[in-house]
Amino acid sequence: MGLLDKFFGRQKKEETIMTTEKMNIGIILGSTRQGRVSPQVGEWVKGIADKRENVNYEIVDIADFELPFLGTTDGSEPGIAAWNEKLASLDGFVFIVQEYNHSITGALKNALDFAREAWNNKAAGIVSYGSTGGARAAEHLRGICGELKIADVRTHPTLSLFTDFENGTEFKPQALHLDNINAMLDEVEAWSGALKTLR
């Protein structure tokens, strides 16, 4: 076997490993307040995503990392390093976003700001909720994603506090959202796989 044959044989083997290795996508809960409903929405998305065979999905709860407000400490809290390590281990994201005063929560913005390279060259989908489906918060998040080199996909499921939640606390999604969730996940998986070649 010649040198070129060996090279191309090894390259083909590496490509095969890369395509068969499962990607890891984090479903990031964007709220930390008492009485939040984001865990219900996140588990619903994960239940749909887990039916897919080629990607690992996991819930990533910002509250678990106990991040301080950026710039108020010396940055030595263990949660900061753990947060960056978790993000670095993921190939893509699905943000569960709630609208607060026409924007994302302070907790999500703080968590976004606590990392840089760990976000770069990865894809993300957005599932938002609020009185107008959380659309305004999602648009703000898209601007932040661009700065962090996160490629946000177009399909965007929006959930209404009036029709997808009972009494504003119990999540009861309409069946019509299922197609949008699956379309969004298709895009996140495709883009995450493509962007993996840049990292």
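Residues numbered from 1 in each chain as written. Predicted model: local features only at pLDDT ≥ 70, side-chain atom pairs only at ≥ 80, totals over all residues. Heavy atoms only, no water.

### Points about the pairing of strand 3 (residues 92-98)
This is how it is decided: Throughout this description, buried means an accessible area under 20% of the type-specific maximum (1.4 Å probe, protein chains only), exposed means over 50%, and partly exposed covers the range between. By definition, any uninterrupted DSSP run of H or I lasting at least four residues is a helix, any uninterrupted run of E lasting at least two residues is a strand, and each is numbered from the N terminus. Two strands pair if DSSP finds at least two bridges between them. With its strands directed away from the observer, a crossover is right-handed exactly when the path from the first strand over the helix to the second travels clockwise.
In terms of burial, strand 3 is largely enclosed, as seven of its seven residues are buried. Taking every second residue as pointing to the same face, both faces of strand 3 are buried, with G92, V94, I96 and Q98 on one and F93, F95 and V97 on the other. Of the strand pairs in this sheet, strand 1 (residues 23-29) and strand 3 are connected by five bridges, and their pairing is parallel. Paired with I27 across the bridge in strand 3 is V94. Between strand 3 and its parallel partner strand 4 (residues 122-130), the chain crosses via helix 4 (residues 106-113), and the hand of that crossover is right-handed.

### Observations concerning the pairing of strand 2 (residues 55-61)
Taken together, the seven bridges between strand 1 and strand 2 define a ladder with parallel strand orientation. Looking across to strand 2, one finds that L29 is bridged to D61. Taken together, strand 1, helix 2 (residues 38-49) and strand 2 constitute a β-α-β crossover, and its handedness is right-handed.

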